[in-house]
Amino acid sequence: MASAATATGQADAKAPAERAVRGVVWGPTLEPVPNATVTLRAADWSVVKEGKANGSGQFVISGLAKLPTYCCATAPGLHSGCEWTPASKPGCPAYVDIKLFAAALIRGVVKDDAGAPVKGAQVIAAFDHAGSLLQSGRLEEATTNEEGYFVPVSYTHLTLPTS
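Report follows, based on the coordinates. Note that the coordinates shown come from a computational prediction; the quantities given were computed from them, not determined experimentally.

1. Observations concerning the environment of Lys89
- Within the secondary structure, Lys89 sits in the loop between strand S7 (81-84) and strand S8 (94-99).
- The sequence separation of Lys89 and Arg19 amounts to 70 residues, and the corresponding C-alpha distance is 8.5 Å.

2. Details of the sheet that holds strand S4 (residues 58-64)
- A sheet is described by the order of its strands in space; here three strands give the open sequence S4-S1-S8, paired in mixed fashion. Edge strands, defined here as strands with exactly one partner in the open sheet, are S4 and S8. Put simply, the sheet's adjacent strands are angled 20° from each other on average, direction ignored.
- One ladder, built from six bridges, connects strand S1 (residues 19-26) with S8; its direction is parallel.

3. A few points about the environment of Trp26
- For Trp26, the position within the fold is in strand S1.
- Its relative accessible area of 25% is what places Trp26 among the partly exposed residues.
- Taking the C-alpha atoms as reference points, Trp26 and Lys99, separated by 73 residues in sequence, lie 4.7 Å from one another.
- Those residues in contact with Trp26 that sit more than four places away from it in its chain are Glu31, Pro32, Val33, Asp97, Ile98, Lys99 and Leu100.
- Polar contacts involving the side chain of Trp26 include one to the side chain of Asp97, which spans 3.0 Å.

4. Quick notes on the state of the cysteines
- For the coordinates displayed, the defined rule picks out one disulfide.
- Disulfide pairing is shown between Cys72 and Cys82; the S-S distance is 2.2 Å. Sign of the S-S torsion, about 110° for the bond between Cys72 and Cys82, identifies this disulfide as right-handed. Residue Cys72 is located in strand S5 (residues 70-74), and its partner Cys82 is located in strand S7; the two are separated by 10 residues in the primary sequence. Note on accessibility: Cys72 and Cys82 belong to one class, buried.
- Of all cysteine sulfurs, the one in Cys72 lies closest to Cys71, which takes part in no disulfide; the gap is 6.8 Å.

5. Observations regarding the pairing of strand S3 (residues 47-52)
- Strand direction decides the pairing type here: strand S2 (residues 37-41) and S3, joined by five bridges, are antiparallel. Residue pairing across strands places Val38 opposite Gly51, the latter belonging to S3.
- The turn linking S2 back onto S3 is made up of five residues, and Trp45 within it adopts a positive phi angle of 75°.

6. Comments concerning the packing of aromatic side chains
- Applying the stated criterion across every chain yields a total of two aromatic pairs.
- Geometrically, the ring pair formed by Trp45 and Tyr70 is edge-to-face, given 5.0 Å between the ring centres and 65° between the ring planes. A residue pair is termed long-range when its members are at least 10 positions apart, and Trp45 in the loop between S2 and S3 and Tyr70 in strand S5 qualify at 25 residues.
- Trp45 gets classed as buried once you look at its relative accessible area, which sits at 12%.
- Ring centres of Tyr70 and Trp84 lie 4.9 Å apart, and the angle between their planes is 35°; on these two criteria the pair is classed as tilted. Of the two residues, Tyr70 is situated in strand S5 and Trp84 in strand S7; the sequence distance between them amounts to 14 residues.
- A residue is classified by how much of its surface remains accessible, and Trp84, at 58% relative accessible area, is exposed.
- Ring pairing ties together the aromatic residues Trp45, Tyr70 and Trp84, which thus form one cluster.

7. A look at unusual backbone geometry
- Of note, the phi angle at Leu30 is positive, near 65°, even though the residue is not glycine.
- Counting through the fold element by element, Leu30 comes out in the loop between S1 and S2.
- Overall, Leu30 belongs to the exposed group, its relative accessible area being 57%.
- The phi dihedral of Asn35 falls on the positive side, at around 60°, and the residue is not glycine.

Thresholds, definitions, all that
- Residues numbered from 1 in each chain as written.
- Predicted model: local features only at pLDDT ≥ 70, side-chain atom pairs only at ≥ 80, totals over all residues.
- Heavy atoms only, no water.
- Helix = DSSP H or I, 4+ residues; strand = E, 2+ residues; numbered from the N terminus.
- Pairing = 2+ DSSP bridges.
- Axes fitted to C-alpha atoms, helices over the stretch in contact; angles between N-to-C directions.
- Buried < 20%, exposed > 50% of the residue type's maximum accessible area, 1.4 Å probe, protein only.
- Contact = heavy atoms within 4.5 Å.
- Polar contact = N/O pair within 3.5 Å; in protein donor to acceptor, adjacent residues only side chain to side chain.
- Disulfide = S-S within 2.5 Å.
- Phe/Tyr/Trp six-rings, centres within 6.5 Å; stacked < 30°, edge-to-face > 60°.

Printed below as a string of structure tokens:
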């Protein structure tokens, strides 16, 4: 963004430089994802601004006072992806590649340190990118049976609580 002009036509040195984020949304096999929704988020996970990728998976979101902390994308049939927004100089857009993940089913057996199955363990599925679970607003859980087996959970990555 050009700086604001004063009544005399001089550039106002106090006007902030506009920031922008641009990039490409990629699918699981590195194909561009057309029309993905791109959401820029602050460190507290609040939405800064949203936009759409074009038919080639490319996006540009401009008019930002400062760069957001995260750049996230979603598309039907794929799990969301989030990346840190890299630093860039004012007037130069930050570039972000965002990879979306294929849906996956997770199933297995929870065992204790001695190798015995754990009955009643709670298994929680989550993404490996900071905050993606909060973005989707969904928490997938399963509880193990007598043999320690848990019902399939449909997320990409798995975390087990320590307590």
